[in-house]
Structures are given as C-alpha cells and as structure tokens.
Amino acid sequence: WGLLGVALLLAGTVAAWEFRQTSPQESTVEVIPDHRQFQFTPDTVQAIAIRQGGQYLKLYRGSGDKPTWKMDWPQPVEVSVPAVDFLLNALISSKNDRDFDISTEKLAEYGLTEPAAIMTIQLVTGKTHELILGNADFKGDSLYALIDPTDPATETSRIHLVPRSLLELARRSPQDWQQAGDF
C-alpha cells in the first residue's frame, strides 16, 4: 500500500505541475479594430441633406407618435422608409481600412474640389457630419471621399474610400424617394 500511495502522490504532483505549465495564459483574443466611418445608429439620424449637381434635397424625420421620413419637394411628402433605411445602412455599414493622407493641393486629382455629391447628416443631438464624394478609385467599386473635413483646410487631408452606392443614392430624383402612391 505504501508504494501505491507514493505512486499516486507522485502522479498527482506531476499532473498538477503539467496543468500549471499548459494552462491558458492571458487571453490571446485579437481585438479587430472597427473601421466604420460613421459611429452613429439609424435611430439617431434626424435629417440628411443631399447636394448633387444643381439639386438640393433634404430628407427629415417627421414628428408624432409614429415618425415617418419626409421631404419638402415640391411640397411636403412622405418618403419611402425602405429607401431611407438603405441609405442609412450604406452610410453606417461603410467600413474601410485603406484611408490615406494627401496634400490638400491634390484634392482636385481625387474629384474633391468639385465634388460629385455632398451629404450632410444631422443627428438628433444636433451634431452634423459631412460626407463629400469625389471620383471613383482605380478599381471603380469605391469613391474617394472626405468625411467631416476640417475647416479651414489644413496642409493635408484624410481621404477615405466609401461604397460607390452612396453616389448612386445621392443621384436619386425626388420622385424616386417618394412612397409609392404619392406621385
């Protein structure tokens, strides 16, 4: 019995030592940075103004028990909620890890001195974000953009790549934003 007791004690000691050596150290979970370009949620957006070409369009959240989206063109009309949801989703889900800085003098090369469209997003808190859309990148699936550009302009500007669908949404006519049946 003595030898069996010594063997069990020795086996227990070795097992405990091995367990301590192979136990997980601190968590090695890698934190993936969030590269979202806008840090707001759809329910915090109060209004979106879109300037494209000579057209200016403002979509805004109406008031009341069940707020709907509206626009004032040519008279106040309700806007298609799925269309606004699609725009908000495109803005909020826009992610990129390929941002870069350029000299402000080179903004014209990216189509940002005469932008294709400008979106101004007003939050319920009163804070606003501005998105200036420029030319397509060399692959054609993204656009060069300025997000919340500094004013006055500094020596360098941060260029972001955003989905091309944002320009297609900015080019929608007022009739395209209206709810079916409001024509």
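Everything numeric here is computed off the predicted structure, so don't read it as measured data.

Cut-off values and rules
- Residues numbered from 1 in each chain as written.
- Predicted model: local features only at pLDDT ≥ 70, side-chain atom pairs only at ≥ 80, totals over all residues.
- Heavy atoms only, no water.
- pLDDT = per-residue confidence, 0-100.
- Helix = DSSP H or I, 4+ residues; strand = E, 2+ residues; numbered from the N terminus.
- Contact = heavy atoms within 4.5 Å.
- Buried < 20%, exposed > 50% of the residue type's maximum accessible area, 1.4 Å probe, protein only.
- Core = buried A, V, L, I, M, F, W, Y, C linked by side-chain atoms within 4.5 Å.
- Pairing = 2+ DSSP bridges.
- Axes fitted to C-alpha atoms, helices over the stretch in contact; angles between N-to-C directions.
- Polar contact = N/O pair within 3.5 Å; in protein donor to acceptor, adjacent residues only side chain to side chain.

Our focus in this paragraph is the confidence of the model for the protein chain. On average, residues of the protein chain score 83 in pLDDT, and 87% of them are at 70 or above. Helix H1 (residues 2-22) is the least confidently modelled element of the protein chain, averaging 78 in pLDDT, while strand E6 (residues 117-123) averages 95, the highest of any element. Predicted confidence is poor over residues 26-32, with pLDDT under 50, and the contacts of this stretch with residues over four places away or in other chains come to zero contacts.

Along the polypeptide, Ser 142 turns up in strand E8 (residues 142-147). The exposure class assigned to Ser 142 is buried, which follows from its relative accessible area of 9%. If we ignore the near neighbours within four places in the chain, the residues touching Ser 142 are Arg 98, Asn 135, Ala 136, Asp 137, Leu 161, Val 162 and Arg 164.

Counting residues in hydrophobic clusters, the biggest one holds 33 residues, and the most contacted among them are Leu 59, Leu 87, Leu 131, Leu 133, Leu 166 and Trp 177. Sorting the residues of this core by element identifies strand E1 (45-52), strand E2 (55-61), strand E3 (69-72), helix H2 (81-92), E6, strand E7 (128-136), E8 and helix H3 (165-170) as the ones contributing at least two each. Sorting elements by how many residues they give to this core places H2 first, with seven residues. Once residues lying within four places of it in the same chain are set aside, the contact partners of Leu 166 are Leu 87, Ala 90, Leu 91, Met 119, Leu 131 and Leu 133. The next biggest cluster of nonpolar side chains, apart from the first, holds ten residues, and it includes Ile 102, Ile 118, Leu 146 and Ile 159.

What follows concerns unusual backbone geometry. In the Ramachandran plot, Asp 148 falls in the positive-phi region, its phi being about 50° despite a non-glycine side chain. By the secondary structure assignment, Asp 148 is in the loop between E8 and strand E9 (156-163).

Let us now look at the sheet that holds E2. Strands sit in the order E4-E3-E2-E1-E6-E7-E8-E9-E5 across an open sheet of nine strands; the sheet is antiparallel. Among the strands making up the open sheet, the edge pair consists of strand E4 (76-78) and strand E5 (100-103). Neighbour to neighbour, the strand axes of the sheet diverge by 30° on average, direction disregarded. Pairing between E1 and E6: six bridges, direction antiparallel. Across the sheet, residue Arg 51 finds its bridge partner in E6, namely Ile 118.

Here we come to the side chain of His 129. Note that His 129 resides in strand E7. Judged by relative accessible area, which is 9%, His 129 ranks as buried. Side-chain polar atoms of His 129 contact the side chain of Asp 148, separated by 2.7 Å. Ignoring any residue separated from it by four or fewer positions in sequence, one finds His 129 in contact with Phe 38, Phe 40, Met 119, Thr 120, Ile 121, Leu 123 and Asp 148.

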